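Descriptive structure summary
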Amino acid sequence: MRFKKNIITGELAKGTSWLTLGNVVSRLLGAIYVIPWTLMLGILSLQANTLFGKGYNVYQLFLIMSTVGLPSAVAKYTSVLVGKEKDLFLEKAFQLSLFSGLLFGVIFWILAPILAVGDINLIPVLHSLVPAVIVFPFLSVLRGKFQGQLDMETLAKSDIIEQLIRIVYMLLSAFSILDIFHGNWVNVVIQSTFAAFIGALAAIIYLLYKLYFFKAEKIHLFSKIELSENNSLVNSFKSFLPIVKQSIPFVFIGGFLTFYQWIDQYTFFPLMRIFHPDFPQIQLEDIFGRFNFNANKLIMLIVSLAMSVASTILPIISKNSSNLKETRNSIARGIKMLIAIISPSALIMYALAKPIYIIFYGKYGSLQDFVPIVQVSALVSIFMSSGMLLAMILQGIGKTRVVIKAIIYGIIFKILFQPFLIIVFPMLGAMIATFVGLIVSTMMMFAFIEINYQVSQNIEAGFLSSTFVSSIIMFALVCISDYFTQLFVSDSRIGQFLPCLISSLIGLFIIINCYKTNGILDEILTK
């Protein structure tokens, strides 16, 4: 029994490593492609990115709705059913995925003109995303099947393949439209969003290939498999709908950041027109694109890195949820790991806001147009990652309702503060409102954890002071380094690469040595 348990534990550890790798690599690819894409578009890249971001904000919500519950249900039953029972269950799941994809794809297509809110360029962009909405539920069922078999390596590889093929199509189509056919930037965006379908299709082909040629399994959509009414599959499949219902809160929690982006997309422009009518539409589009898409993509790099490391503690929390002492230790450890990673990461991005933004998006406008946006986003990332981790912890100990309540209160505060903050800070108000909402949600979740588990007992004051002092020392020296290196370089992408590289390496060297001296590094790396 112990040998079998060790094997399962080893598989889970390996699976977690693969999922972490897949997540980080996908995020990196999703950020790096921006450089050649924006270079090809030049000064039009900001308009293109804004339109791209608007389309993806809407698309992500439809993805959430079309796949609700499918991956978790398939993963659960794939792991427990065998033989004809599993075959028939998967057949029904794939049929449901096709129906769900077609249903929400049709709804998405019909609602596109309404969701575009008068932006005629956005309508074809939304329509180009419909094929991805149609096939993605099928892909999610395939991934759920591999997850149920604990084949996380294949799962992670499919994520990377999806992202890689999507990016290749984006760049090739952009080059063809702009340099060969001399088309316009709107067509570039349409093909770049359509690339989501191409990437999903590539992932489906890869997973089907793994099933057919490596696992010697086949997928039946309309077979003649018959089972008796008393068969356990009947009861299992009757449980499918409850699982989907149970998954809705988890999907809501996982997609709550999308709701923040939706609020901005549908309130920022009307509020700015009311309170700041002197801002032309093109300037509003630029501001929105910078904070809602460009800066958000940058901070998700550090958020995903922090979450990937800190979330490795979650299986232990779920496993020991009945043991108060062990749960307290595990929660405290996860929080400490997050603090140790996100604090210096956010401060580095704050200090190097100028070079980081220019490297990815170029300098189209004055520094005041984008540097403050990236700096506020860096601060937002602290509570974004903290809120996400606490939500995952509370889910792991079965306190989903607490998370939902905290998220709802955060969204309410975001909506209430949005008008006032946009009046006072036209460019930064929406982001600061997000900051307020995330702080409310994070503090509510932490308060619940503290009341019930007293985790502060295991988060030493010495650890916190050492982490913050080390981060501040690093921040100061990175700022000094950036200031002096900026004296000798231009504001081009190539020119900004040198100060970014030098200052980042200095910051990394300082924080590692400070953490090593204070014993923080050993605490992070100790399993």
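Before any of the text, the structure's been laid out above.
What this report covers is the structure whose coordinates are included nearby. Not measured: the values here are computed from a predicted model. (Residues numbered from 1 in each chain as written. Predicted model: local features only at pLDDT ≥ 70, side-chain atom pairs only at ≥ 80, totals over all residues. Heavy atoms only, no water.)

**Some details on the packing of helix 18 (residues 400–424) against helix 19 (residues 429–453)**
Contact pair helix 18 / helix 19: the axes reach a minimum separation of 7 Å and the direction vectors enclose 155 degrees. Judged on the interaxial angle alone, helix 19 and helix 18 are roughly antiparallel. Every pair of crossing elements has a handedness; the one defined by helix 18 and helix 19 is right-handed. Split by residue class, the contact of helix 18 with helix 19 holds 17 nonpolar, six polar and two charged. (Axes fitted to C-alpha atoms, helices over the stretch in contact; angles between N-to-C directions. Helix = DSSP H or I, 4+ residues; strand = E, 2+ residues; numbered from the N terminus. Parallel < 35°, antiparallel > 145°, perpendicular 65-115°, else oblique. Left-handed = near helix turned anticlockwise from the far one by under 90°. Nonpolar A, V, L, I, M, F, W, Y, C, P; charged D, E, K, R; others polar.)

**Concerning unusual backbone geometry**
With the exception of glycine, most residues fall at negative phi, and the peptide bonds are largely trans. Of note, histidine 182 is a non-glycine position whose phi angle comes to about 55 degrees, a positive value. Its place among the elements puts histidine 182 in the loop between helix 8 (152–180) and helix 9 (185–214).

**Observations regarding the packing of helix 2 (residues 34–41) against helix 16 (residues 353–361)**
In helix packing, the relevant descriptors are the interaxial angle and the interaxial distance, both defined with respect to the helix axes. Where helix 2 contacts helix 16, the two axes come as close as 7 Å, and the packing angle between them is 65 degrees. Judged by the angle between their axes, helix 2 and helix 16 are roughly perpendicular. Contact residues: Val34, Ile35 and Thr38 in helix 2; Ile359, Phe360 and Tyr361 in helix 16. Looking at the contact of helix 2 with helix 16, its residues break down into five nonpolar, one polar and no charged. (Contact = heavy atoms within 4.5 Å.)

**What about the nonpolar core?**
Core analysis: the largest hydrophobic core is formed by 141 residues, its most contacted members being Trp37, Tyr59, Phe108 and Phe268. For this core, the element with the most residues is helix 9, which contributes 14 residues. (Core = buried A, V, L, I, M, F, W, Y, C linked by side-chain atoms within 4.5 Å. Buried < 20%, exposed > 50% of the residue type's maximum accessible area, 1.4 Å probe, protein only.)

**What about the pattern of salt bridges?**
The tally for this structure, following the rule as stated, stands at nine salt bridges. Salt-bridge contacts for lysine 157 lead to glutamate 153; the nearest nitrogen and oxygen are separated by 2.9 Å. Within this pair, lysine 157 and its partner glutamate 153 are both found in helix 8, separated by four residues, close to a single helical turn. Since its relative accessible area comes to 26%, glutamate 153 is described here as partly exposed. Connected through shared salt-bridge partners, Lys54, Asp119 and Glu285 make up one network. (Salt bridge = Lys/Arg side-chain N within 4 Å of Asp/Glu carboxyl O.)

**Focus: empty space enclosed by the protein**
Inspection of every chain in the model, using the stated rule, returns one cavity of 30 Å³ or more. Reported here for the largest cavity is a volume of approximately 70 Å³. Together, Thr38, Ser45, Leu46, Asn49, Arg290, Asn294, Tyr357, Tyr361, Gly362, Tyr364 and Phe370 line the largest cavity. Where the lining of the largest cavity is concerned, the elements lending two or more residues are helix 3 (45–66), helix 13 (281–310) and helix 16. The element best represented in the lining of the largest cavity is helix 3, accounting for three residues. Of the residues assigned to the lining of the largest cavity, the class counts are five nonpolar, five polar and one charged. (1 Å grid on protein atoms, 1.4 Å probe; cavity = no way out; pocket = protein on both sides within 12 Å on 5 of 7 lines; lining within 4 Å. Points joined across faces, edges and corners; volume = space filled by probe spheres on them.)

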